[in-house]
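Examination of the molecular architecture
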Amino acid sequence: MPERIKHAPLDGKTIRQPKAEIHLIKDQCKGCGYCIEFCPKKVFEESNEINARGVRPPKIIDESKCLLCSFCTAVCPDFAIYVVERKNEEKNKT
Amino acid sequence: MAEKKEYEPKPIAEEPRIGVYVCHCGLNIAGSVDCGEVSKFAATLPHVVLAQDNRYTCSDQGQEGIKKDIKEHKLNRVVVASCSPRLHEPTFRKACEDAGLNKYLFEMANIREHCSWVHLYDRQAATEKAKDLVKMAVAKAALLEPAEEAEVPITRRALVIGGGVAGIQAALDLADTGYQVYLVEKEPSIGGMMARIDKTFPTMDCSICILAPKMSDVGHHQGIELLTNSEVSEVKGYIGNFSIKVLRKPRYVTKDCSACGECAKVCPIVAPNEFDVGLAIRHAIYSPFAQAVPATYIIDMNLCLNKEGVVACDKCMKACERKAIQYEMKPETAELEVGTIIVATGADVFDPSVLPNYGYGKLPNVITSLEFERLINAGGPSHGHLLRPSDMQIPKRVAFVQCVGSRSDRQGRLYCSNVCCMNTIKDSLLIKEHWPDTEIYVFYVDIRAYGKGFEDLYKRARKAGVKFIRGLPSEIREDKRTHNLWLTGENTLQSELYRINVDMAILSVGLESRKDSEMIQRLLTLSRNQDGFFLEAHPKLRPVDAATGGIFFAGCAEGPKDIKDSVTQASAAAARAGILMAKGKVTVEAITPIAFPDKCKACGLCVKVCPYNAITLDKANKRINVVEAACGGCGTCAAECPFGALTQSHFTDEQIISQIDAVTEHDADKKIIAFCCNWCSYAGADLAGVSRMQYPPNIRIIRTMCSGRVAQKFVERAFARGAAAVMVTGCHLGDCHYINANYQTQKRVEKLWKKMEENGLRRERLQLLWASAAEGERFANKVREMKPVVESVTPEEIEKAKKVFEKALRVD
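All of these numbers come straight from a predicted model, not from anything done at the bench. (Residues numbered from 1 in each chain as written. Chains lettered and ligands numbered in written order. Predicted model: local features only at pLDDT ≥ 70, side-chain atom pairs only at ≥ 80, totals over all residues.)

If you tally the helices and strands in chain A, you get three helices and four strands. Reading chain A from its N end, one meets helices and strands in the order β-α-β-β-α-β-α. Across the 94 residues of chain A, 24% fall into the buried class. A separation threshold of at least 6 residues defines the contact pool for chain A, and within that pool the share at least 24 residues apart is 60%. (Helix = DSSP H or I, 4+ residues; strand = E, 2+ residues; numbered from the N terminus. Buried ≥ 20, exposed ≤ 12 C-beta atoms within 10 Å, placed from the backbone. Contact = placed C-beta atoms within 7 Å.)

Right under this line is the structure:
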């Protein structure tokens, strides 16, 4: 099949792409960097700030890239990240 | 495998008694060659006891004549001077066998393709050349020896590469005949192009409705093993005995999948579906289309969040009730042993974004005919509504532009793609069927409605009010506000300019060879024509056979064709493969190497150059072993041996040298001696003849099976005998019929060039040409180019070359 794809999918708008809301509890982070390493969409990077534990917590590069797999929540040893679906957008769609 | 027995020279009991037959071939030869004179000349040659010319030697009468003469005149060698041995050698060999003469005692002189047809307007030169060719053939014939052919068993299993409609048909036919079939398809589902089309012309049948039952038959057939998402990665062996390796890429979903689709619903990844040309979306876990066979879902690991053993997202796994998802599946290699191969790899569609004047890819309402098929298809992204992409409205005015990427010497391809005219006519009727008020314009160069029922469909379209305008638009421009399109061009029937406003334009794109057909070509050692499609063994009489034994073509891989032709060819290919497998055995030509153990120094050079690893070195006994069944018959080993301890049966050193000597006996300083390989350059020279490409008559062609057979000593001998120039020609590097034997040719010619330059000889006098069977023009051009070189060679240069290569005249 051809790699040539020139037109946008016609039904692209009908698909409900969940929008994520990522919550970072920065002071709980011990800077292990697991979330940065394991996020499949590479949503996080190391920030420049120093938190209460004296380490650099992650920061979010692009929240819209998140697909809510919640792997960051699973790998975070300090329960410092959780992701929820953005509610206001849900209302618009349904 | 049987090992070759040690060579024992057979005592030739009798003096050669050669019969020469010069064929007029109607006027094909007699038109530019004086056949009577050639046959009189032949009678004067040594060992010739009978020489005659007749109108059609290949006719029953001609063959009967040969048989009678063999008995009456006790002929023990036969030479026929007529067409190419690639055409009629089997015919005459059979006649000889019928008369009790071993078929390897027959030799042919090609005075049609290589003489009369390429020198149509120079009767004298053509006659002289024909005499030379006959003389060469007679010289070789005197040294011919009888040979017995080895039999090779044929594995009764077949491989079909490509699961489009052609591959499906071929696989079903073979499996129904009772053979085990492996069908390899690189996509996740079989079905190919036909599965994406809405209706078929000229009957307007629903495409998938007639294909889906066949697809499901393939899936359920006991005799067919379906390998989807797989690619052929290695092919070894020869006719009847191919060893194939197939790379099976993992689906990450096991056969337990019930295709319920729950997994796709939860997959967070969204991407354009290639099956719908990107007009619909799919998820990372998907089934390309509803009727897919196998129906098992597949995970696109390039998109999936799970990589390298890290399971980040397990939504699909959780959704799957049957626990069919396995993220850790690994690619596997399947090893198959088959006897025949059918290549049904299909074609790609032309990408019109290279044509800036049509704005495809920039203007939203310019689409291709394949995208149109998905739009008008009830199973497609718009559920059968023809929606224009800019505003999702049904267009009122539609234009079709023909020959996009076809029949163009500027951009796109030179050839006609066969299917686009009828496809457009069908498409226009489909629009009229759903929305009768739509205005439809078809811009064309010629409408080619050449098949059964095609003209009727064309008439129906015109009756339905489709406007056919001759003259392609020179450009398509967009109204920025409405996204409507302006097509401007010249109506060449009415000699006036048009400027037509439409809502949507459909580019009727042509077909081109698959991008990966080069890989298939190398794997299977096939040839392709200049358009990139696979080349058949004979365009008229062996249209589905590849030149390589045991391989057949079906569908668009061989050239653009519609569904009916693809299916016809697929059944033909299945029948051809079936013939071989039903016989269960095949004889291989007795052109294997002959070893002279007393001369062998066990240096191992032949072992290194053999492309088939058919020679093994027996160090303890200081000798080599030749495994005849594995030998391909290129003769590279014989050319490599520095001690004359190896030669090739039917192409022995003495035979080839006798041909060289025959040419160089008179006027050597005006001649080119060319060595042509049977599969590419000799066939290319044949094509030049069939196409009547005229070139200078100073060339004399010696046929070898492979350019790798051409030993340095042959070239040296030609120069030592005073030849003006020598040409060594073969298949393109990488396309060698004998895997890679022509790399040895290149090495040898480079060595010769070096030697010539060191001794102050012009290297132009030795030419190396790679020309495929489709490149007749390339061959003819080279001979034309050589003419000034030959004319510029001075007698001093000839003498110098004679001195430099003096050693080559010594006979071992």
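In terms of regular secondary structure, chain B is built from 22 helices and 40 strands. If one aligns the C-alpha atoms of chain B with their principal axes, the spans along those axes are about 85 × 70 × 55 Å. The 812 residues of chain B split such that 53% are buried. The contacts in chain B between residues at least 6 apart in sequence include a share of 74% that link residues at least 24 apart.

This next bit is on the interface of chain B and chain A. With 29 residues of chain B at the contact, the number on the chain A side is 19 residues. Residue composition of the side of chain B that touches chain A, grouped by class: 19 nonpolar, four polar and six charged. (Nonpolar A, V, L, I, M, F, W, Y, C, P; charged D, E, K, R; others polar.)

Here the focus is the packing of helix α5 (residues 123–142) of chain B against helix α17 (residues 653–663) of chain B. Residue and element names in this part refer to chain B. The contact between α5 and α17 brings their axes to 8 Å, and the two run at 150 degrees. The angle between α5 and α17 places the two elements in the roughly antiparallel class. Crossing of α5 over α17 shows right-handed handedness. Residues Asp132, Lys135, Met136, Ala139 and Lys140 of α5 form the contact with α17, whose participating residues are Gln655, Ser658, Gln659, Asp661, Ala662 and Val663. (Axes fitted to C-alpha atoms, helices over the stretch in contact; angles between N-to-C directions. Parallel < 35°, antiparallel > 145°, perpendicular 65-115°, else oblique. Left-handed = near helix turned anticlockwise from the far one by under 90°.)

Quick look at the nonpolar core now. By size, the foremost hydrophobic cluster in this structure holds 246 residues, and its most contacted members are Ala81, Val138 and Ile342 of chain B. Counting residues per element, this core draws most heavily on α5 of chain B, which supplies 10 residues. One finds Cys66 of chain A together with Cys257, Cys263 and Cys313 of chain B within the second-largest nonpolar core, a separate group that totals 35 residues. (Core = buried A, V, L, I, M, F, W, Y, C linked by C-beta atoms within 7 Å.)

Below, the discussion takes up the confidence of the model for chain A. All names here are of chain A. On average, chain A scores 85 in pLDDT, and the residues at 70 or more come to 88%. Mean pLDDT values for the elements of chain A range from 54 in helix α3 (residues 87–93) up to 94 in strand β3 (residues 58–60). In the model, residues 90–94 has pLDDT below 50 throughout and makes two contacts with residues more than four positions away in sequence or in other chains. (pLDDT = per-residue confidence, 0-100.)

With that settled, the discussion passes to the domain arrangement of chain B. Each domain of chain B was delimited in the assignment, giving domain 1 (9–149), domain 2 (151–249 + 331–346 + 515–588), domain 3 (250–329), domain 4 (348–512) and domain 5 (651–812). Centre-to-centre, using C-alpha coordinates, domain 1 of chain B lies 39 Å away from domain 2 of chain B. (Domains from an automatic or database assignment.)

Now for the environment of Val184 of chain B. Residue and element names in this part refer to chain B. Tracing the backbone shows Val184 in strand β7 (residues 180–184). For the pair Val184 and Cys603, spaced 419 residues apart in sequence, the C-alpha to C-alpha distance is 43 Å. Those residues in contact with Val184 that sit more than four places away from it in its chain are Leu159, Ile161, Leu227, Ser230, Val232 and Val246.

Another aspect to go through is the sheet that holds strand β40 (residues 766–770) of chain B. As a general point, the strands of a sheet are linked pairwise by backbone hydrogen bonds and lie either parallel or antiparallel. All names here are of chain B. A sheet is described by the order of its strands in space; here four strands give the open sequence β38-β37-β39-β40, paired in parallel fashion. If you trace the sheet from one side to the other, it starts and ends with β38 (699–704) and β40, each paired once. On average, adjacent strands in this sheet sit at an angle of 20 degrees to one another, irrespective of strand direction. Sheet analysis places strand β37 (residues 672–677) next to strand β39 (residues 725–730), joined by four bridges and oriented parallel. Pairing of Ala674 across the sheet is with Met727, part of β39. (Pairing = 2+ DSSP bridges.)

A separate point is the confidence of the model for chain B. All names here are of chain B. This prediction gives chain B a mean pLDDT of 93; 98% of its residues lie at or above 70. Segment residues 1–9 is flagged for pLDDT under 50; beyond a separation of four residues in sequence, or across chains, it makes 15 contacts in the model. On the interface metric, ipTM, the complex scores 0.85, and its pTM is 0.83.

All names here are of chain B. Ordered in space as β11-β12-β17, the three strands form an open sheet in which the pairing is antiparallel. Looking along the sheet, the strands with just one partner apiece sit at the ends: β11 (230–238) and β17 (332–338). In this sheet, neighbouring strand axes are inclined to one another by 20 degrees on average, regardless of whether the strands run parallel or antiparallel. One ladder, built from eight bridges, connects β11 with strand β12 (residues 241–248); its direction is antiparallel. In the strand pairing of β12, Val235 is matched with Ile244.

Residues and elements named next belong to chain B. A cis amide bond links Phe201 to the next residue, Pro202, at an omega of -5 degrees. Tracing the sequence through the fold places Pro202 in the loop between β8 (199–200) and β9 (205–206). In the segment running from Val293 into Pro294, the intervening peptide bond is cis, with an omega of -5 degrees. Looking at where Pro294 falls in the secondary structure, it is placed in the loop between β15 (285–286) and β16 (298–299).

This next bit is on helix α18 (residues 681–690) of chain B. Residue and element names in this part refer to chain B. With nine of 10 residues buried, α18 lies mostly within the body of the structure. Among all positions of α18, only Ser681, Tyr682, Ala683, Gly684, Ala685, Asp686, Leu687, Ala688 and Gly689 are buried. Of the residues flanking the end of α18, it is Arg692, one or two places downstream, whose phi is positive at about 55 degrees.

Turning our eyes to something else, we now look at the environment of Ile551 of chain B. All names here are of chain B. Residue position: Ile551 is located in strand β31 (residues 551–553). Separated by 252 residues in the primary sequence, Ile551 and Lys803 place their C-alpha atoms 48 Å from one another. Once residues within four sequence positions are removed from consideration, Ile551 is found in contact with Ile341, Val343, Leu524, Leu526 and Ala546.

This brings us to the packing of helix α11 (residues 420–434) of chain B against helix α12 (residues 454–463) of chain B. A pair of packed helices can be characterised by two numbers: the angle between their axes and the separation between those axes. All names here are of chain B. Where α11 meets α12, the axes come as close as 9 Å, and the angle between the chain directions of the two elements is 40 degrees. In this view, α11 runs oblique relative to α12, as classed from their interaxial angle. Every pair of crossing elements has a handedness; the one defined by α11 and α12 is left-handed. In contact with Met422, Ile425, Lys426, Ser428 and Leu429 of α11, α12 contributes Phe454, Leu457, Tyr458, Arg460 and Ala461. Classifying every residue of the contact of α11 with α12 gives seven nonpolar, one polar and two charged.

Residue and element names in this part refer to chain B. Two elements, strand β25 (residues 485–491) and strand β26 (residues 496–502), share seven bridges in a ladder whose sense is antiparallel. Note on β26: the bridge partner recorded for Trp486 is Asn501. Between β25 and β26, which follow one another and run antiparallel, lie four residues, and Ser495 among them has a positive phi close to 50 degrees.

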